[in-house]
Structures are given as C-alpha cells and as structure tokens.
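Remarks on the overall topology
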Amino acid sequence: MTGFQWDWGYVWTVIPHLLEGLKITVAATVLGSVFAFLLGLIWTALRLANIPIISPLTNLWVSFIRGTPFLVQLYFVFYVFPNYGLTLSAMMSGVVGLALFYSAPVSEVYRAGIEGVAPGQWEASLTLGLPIRRVWFRIVLPQAFRVVTPMLGNTTISMFKETALLSTITIAELMAQAMDIAMAQYRFIEPLTMVGVLYFCVSYISAKGVRGLEKWSAARG
Amino acid sequence: MGHTLWEYQPFLLKGIPITLTVMTLAMLLAIPTALILALGRMSKYAVIRSLAGFVIETFRGTSALVQLFWAFYVLPFFGLELTPMQAGIIVLGLNEGSYFSEVIRPALGSVLAGQRDAAIALHLPTRYRFFRVVLPQALPVMIPPFGNALVGMLKFTSLVSLVTLQDLSFRAGLIRATLGESGPTFTETLILYFIMALMLGGLVKVLERWVNRRAGRPVAPLSLAWKRNTPVPTWALGGR
C-alpha cells in the first residue's frame, strides 16, 4: 500500500510536461471551435434555406453527427481518411474531428438563436418593407448573436474537456502527457489528479467568463 | 489473412448489448444522482448546498476521460479494484448525473415555487410533498432533456472502450487493427450507433406522450416529418 503517499517532488516533475500538453489541448480547442463555428454556419444556412433535397439531407447529416460518438468519428477521420488519399497529421485529424463533431450542436445553437428572435421583429420588418438583406444583417442576426454567444462559449468549454480523447490518436495533449508519465513511472495518482485539476481550473475560469457573457446578453436582450 | 468484415460481424455486433448495458445501468445511476444533487443544490442548509455544488462542479469541470482513468488506474492504489464495467458505469453515471442535475433543477424549481408553498400550507409531509406534488409535475418537463441525456449517454459509453471494456467502439478498433479495413468497419459502427440513437429518440417520444397523457397535458400528434416548422417566415428565406 504505497499508493497513499502524495509525492510533491513527483508533482513538480510532472507539471512541466502537463503544461506542454495543455498548450496542445488549448490549440486544438481554439482551432476546433473556430472551424466548428464556421461549419455550423454552413449547416444552419442549408437547413433553413428550404432547398428541396439538400435541406432535408443536411438535417439528416446533422442528426447523424449528433447521434454518433466522438471517439468513433475521430477514429474515422484518423484511420479512414488516409485510405482516400487524405492523409492528415494527427493534430489535423484531431482538429477536423472536433470541428465536425461540434459543428452539429453549434448548428443547433445557431438555429435556436435565429428562431428565438421574436416573430414581431419579422412582422415589423415586413411592414416597413425593409430589404431582406437588411432584415437579416441589421435586425435578426444581431439579436440572435447576443443569445448565441454564451451558448457557443459553453460549447467550447465542452470541447476543451473532450479534447482528452485526442490522446487516443497519438496527439501529445494534456491527457496523453499525463498517461505517458504515469505509465513510465507506474504512479498514476499525481499525474491523473493534476490533469483533473488543470482541466478544472481552465474550464471553471472559462465558465465564469461565459457567465459574464450571459449577464451581458441578458442585460441587452 | 483472407478474413473479411463479414466474418467479424458476430464479434462486432456482440458489442451492442455491452454498449446498451453500460448505457442503461449508467443512466439508472445518473437519474437518482441528478435528483439528489438538484435537491441538494436547492436545500435550505448552506452546507448541503455547497457540498452538492462541489460535487457537480468537480464532475463537470474535469474531463470525463480523466475521471474514468482515475477510477480505473488510481482507485486500485487505494485498495478499490473496479472492473472496467463498474468503473465505466460509476463514472459515466455520476458525470452525467452532475450535468443532468443542472438541467432538471429549473424543472423542479418551476414547480417548487408556488406548489411547495401550497403543500406546506396544507401540512403535507415532506416526502408526500416531493413524490406526490413536485415530482409528478416536474416529470413531463424533464422528459425531453432526459431524451437528450439518454442519447448523450449512448455516445458517452464509447469511452469505456479506453479502459478495455469490449463495447461496440472497442470491437471496431480491434477489427481495424487486425483486419485493416477501417473504412467499412467504422462506417458500419457509426451507422449502428446512429440507429440506436434514433430508436432511443423514438422510445423517448413514446414515453413523453405517455407521461403527458397521464399528467393531463396536451399530447402532440405523432409525426415522422423530416421537415421542421420554423418560425422564420418564408419570405426571409428567399422563399417563393
């Protein structure tokens, strides 16, 4: 029963590696969320546009992404794409996987934001005879934006925590770093606990930031 | 060599009952966890409120994979050996329970406000108040988020493959490693998950109708329409 001792010396040797991993984790999250926000925009536009075959297919596609696990999607990007001549680095596969998987919930967020704009706003625009472009860009989207921003913040925080799965496709992010050290030393308590603490610190602080966004959104809404 | 994915079908499909077992048991753990945590957060005692808050924030703030690995690799050092199945169910259940508690808290809270005062005024015992007054009214409101949580849990279970439990994802990964046919294997796996998600979604729809009917709430007519009704007017979508 040696496991009960908490070795601070070991913790200090672990932390530099973990911070190295945290950089990759943050990079993957930032890239993944930017692409997810863009992809989500495309899905939302296609779904709302009411194009005969394409809109229902996009709906099906989005629910397919939402109905399947991230881990298997990640494997798909990492192992299957190269068979079709699309060889991506592990990091790129990870970012593509994150972007793809999160584009679906992001699209739902956009849709909810747009559909949440009060019907009176549409009616008023119609009555005033505003051009469609101006209705969208000056009336509907700015209002939707305020509702959507905090939700996207929450999505990004979920993504941040889910990047731990990128360790399964050989990316040396936070989780992978911790497991490498833990396996080599056969001491799991310190690295695995510190990883948890790091995830917690970043996501807790970010969540506080999102809470602030929510307040801002509520105050202006 | 010379093996095909076809020969591995029984092996792959045997992952489905394991995936569904983990999902069901973890969900059975998640629901009472969520209820207890949500009630804890609404407790009149500050100690219980902050304790529940601490548990919720811990499970929500650290990655689920970290929690799973912690349960699998660290707990044995404390003399607590968990099988992959047990570790998976406990971690997924507590994790999802923490998330779900935040989802159902507004539902409970919405009922609590006036109804609780009325129940107190009528001198109904605490347990009666919760099980006969609050819960039956909160239940219909909770069903749609429950459906989301259930499908979320289905996808979530793929994590247990990383602690060597032979669920659907694990078997797909193993077939890829031995057979090399990653394309068909993972495509089939994704489709299997999607079908299960669709079926669970349908099941929850049926449950929702049943609960609504029993609660005397309006029951929406069943429809299989892909086309959703959007409040966005057609003229704004370049409609003709």
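Residues numbered from 1 in each chain as written. Chains lettered and ligands numbered in written order. Predicted model: local features only at pLDDT ≥ 70, side-chain atom pairs only at ≥ 80, totals over all residues. Heavy atoms only, no water.

**Quick look at the overall build of chain B**
Secondary structure assignment for chain B yields eight helices and zero strands. What you see in chain B, going N to C, is helices and strands ordered as α-α-α-α-α-α-α-α. Principal-axis analysis of the C-alpha atoms gives chain B an extent of 75 × 65 × 35 Å. Counting across all 240 residues of chain B, residues that qualify as buried make up 46%. In chain B, once contacts between residues fewer than 6 apart in sequence are set aside, the share between residues at least 24 apart is 75%. (Helix = DSSP H or I, 4+ residues; strand = E, 2+ residues; numbered from the N terminus. Buried < 20%, exposed > 50% of the residue type's maximum accessible area, 1.4 Å probe, protein only. Contact = heavy atoms within 4.5 Å.)

**As for the overall build of chain A**
Of the regular secondary structure elements, chain A holds eight helices and zero strands. Helices (α) and strands (β) of chain A occur, in sequence order from the N terminus, as α-α-α-α-α-α-α-α. Reported as C-alpha extents along the three principal axes, the dimensions of chain A are approximately 75 × 45 × 25 Å. Expressed as a percentage of the 221 residues in chain A, the buried residues total 47%.

**Focus on the packing of helix α3 (residues 70–80) of chain A against helix α4 (residues 90–115) of chain A**
Residue and element names in this part refer to chain A. Contact geometry for α3 and α4: axes closest at 9 Å, N-to-C directions at 135°. Taken together, the axis directions place α3 and α4 in an arrangement best described as oblique. For the pair α3 and α4, the crossing hand works out as right-handed. Packed against α3, whose contacting residues are F70, Q73, L74, V77 and F78, the element α4 presents A90, S93, G94, V96, G97, L98 and F101 at the interface. (Axes fitted to C-alpha atoms, helices over the stretch in contact; angles between N-to-C directions. Parallel < 35°, antiparallel > 145°, perpendicular 65-115°, else oblique. Left-handed = near helix turned anticlockwise from the far one by under 90°.)

**So, the nonpolar core**
Among the nonpolar cores identified, the biggest contains 109 residues, and A:M175 and B:F69 are the most heavily contacted of them. Here this core takes 13 residues from helix α6 (residues 126–156) of chain B, the largest share from any one element. Apart from residues no more than four positions distant in its own chain, A:M175 is found in contact with A:A164, A:S167, A:L192, A:V195, A:Y199, B:L65, B:V66 and B:F69. Listed in part, the 11 residues of the second largest apolar core include A:V117, A:W122, A:V140 and B:L237. (Core = buried A, V, L, I, M, F, W, Y, C linked by side-chain atoms within 4.5 Å.)

**Quick look at the environment of B:T230**
Residue and element names in this part refer to chain B. Along the chain, T230 turns up in the segment after α8 (182–214). Judged by its relative accessible area of 27%, T230 falls in the partly exposed class. Separated by 107 residues in the primary sequence, T230 and H123 place their C-alpha atoms 46 Å from one another.

**A short note on the interface of chain B and chain A**
Between chain B and chain A, the contact holds 44 residues from the first and 51 residues from the second. When chain B packs against chain A, the two sides together hide about 4,400 Å² of surface, and 74% of this comes from carbon and sulfur. It is B:F77, B:L190 and B:W235 that lose the most area in chain B upon contact with chain A, and together they represent 16% of the buried surface on that side. Counting across the interface, chain B meets chain A through zero salt bridges. Taken together, the links from chain B to chain A amount to nine residue pairs in polar contact (both at pLDDT 80 or more). Elements with a minimum of two residues in the side of chain B that touches chain A: α3 (46–61), α4 (64–74), α6, α7 (168–179) and α8 of chain B. A total of 10 residues in the side of chain B that touches chain A trace back to one element, the largest contributor, which is α8(B). (Buried area = accessible area lost by both parts, 1.4 Å probe. Salt bridge = Lys/Arg side-chain N within 4 Å of Asp/Glu carboxyl O. Polar contact = N/O pair within 3.5 Å; in protein donor to acceptor, adjacent residues only side chain to side chain.)

**A few points about α4(B)**
Most of α4(B) sits out of view: 10 of its 11 residues are buried. Taken together, the buried positions of α4(B) are B:A64, B:L65, B:V66, B:Q67, B:L68, B:F69, B:A71, B:F72, B:Y73 and B:V74.

**Here's the deal with the packing of helix α1 (residues 8–48) of chain A against helix α2 (residues 54–66) of chain A**
Residue and element names in this part refer to chain A. Two elements in contact, α1 and α2, have axes separated by 7 Å at closest approach and are oriented at 135°. Considering their axes alone, α1 and α2 lie oblique with respect to each other. Judged by the sense of rotation from one axis to the other, the crossing of α1 with α2 is left-handed. In contact with W43, L46 and R47 of α1, α2 contributes I54, S55, T58, N59, W61, V62 and I65. Residue composition of the contact of α1 with α2, by class: six nonpolar, three polar and one charged. (Nonpolar A, V, L, I, M, F, W, Y, C, P; charged D, E, K, R; others polar.)

**Concerning unusual backbone geometry**
Here the phi dihedral of A:T170 falls at roughly 65°; this positive angle occurs in a residue that is not glycine. Considering the arrangement of structural elements, one finds A:T170 in the loop between α6 (132–162) and α7 (174–185). Classification of A:T170 by relative accessible area gives exposed; the value is 59%. At B:H123, a position not held by glycine, the phi torsion is positive, near 60°.

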